[in-house]
Amino acid sequence: MHDRDDAAVPYGDGVAIAAAWTGATLRATDGLGHHRLLRDPEVIAAVVDFVAGPGR
């Protein structure tokens, strides 16, 4: 997860890391910045689904 409006860590850095990491998937958000991302219900649900894995 990386927000396109992240002022602390440029979005391009997230793109580069995901591209270099075999099997990685970058999920982009808009308008959440660096900290609001952690409180967004949709982001939280997506992270929980990812961590829980298939067959949750």
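Throughout this document, residue positions are counted from 1 along each chain, in the order its sequence is written. Reporting in this predicted model follows two pLDDT cut-offs: at least 70 for local features of residues, and 80 or more for side-chain atom pairs to be given and counted; totals over whole chains, interfaces and linings ignore these cut-offs and use all residues. Side-chain metrics in this entry use all non-hydrogen atoms of the structure; hydrogen atoms and water are not considered.

### Digging into the layout of surface pockets
Our working definition: Cavities and pockets are found on a 1 Å grid laid over the protein atoms alone: a cavity is a set of points where a 1.4 Å probe fits but cannot escape, a pocket is an open set with protein on both sides within 12 Å along at least five of seven lines, and a lining residue has an atom within 4 Å of such a point. Grid points are joined across faces, edges and corners, and a volume is the space filled by probe spheres set on the points. As a working rule, the residues Ala, Val, Leu, Ile, Met, Phe, Trp, Tyr, Cys and Pro are called nonpolar, Asp, Glu, Lys and Arg charged, and the rest polar, with Gly in that last group.
Taken as a whole, the largest pocket encloses approximately 230 Å³ of empty space. Forming the walls of the largest pocket are Met1, Gly23, Thr25, Arg27, Ala46, Val47 and Phe50. Class assignment of the residues belonging to the lining of the largest pocket gives a composition of 4 nonpolar, 2 polar and 1 charged.

### Let's talk about the side chain of His2
We count it as follows: Going along the chain from the N terminus, every DSSP run of H or I of four or more residues is numbered as a helix, and every run of E of two or more is numbered as a strand. Within 3.5 Å is the distance limit for a polar contact, defined as a pair of N or O atoms, with the added protein rule that one can donate a hydrogen and the other accept it, and that residues adjacent in sequence qualify only through two side-chain atoms. What makes two residues a contact is simply this: any of their non-hydrogen atoms within 4.5 Å.
Secondary-structure assignment places His2 in strand E1 (residues 2–3). A distance of 2.9 Å separates a polar atom in the side chain of His2 from the backbone oxygen of Val9. Ignoring anything within four residues of it in the chain, the contact list for His2 reads Val9, Pro10, Tyr11, Gly14, Leu26, Arg27, Ala28 and Thr29.

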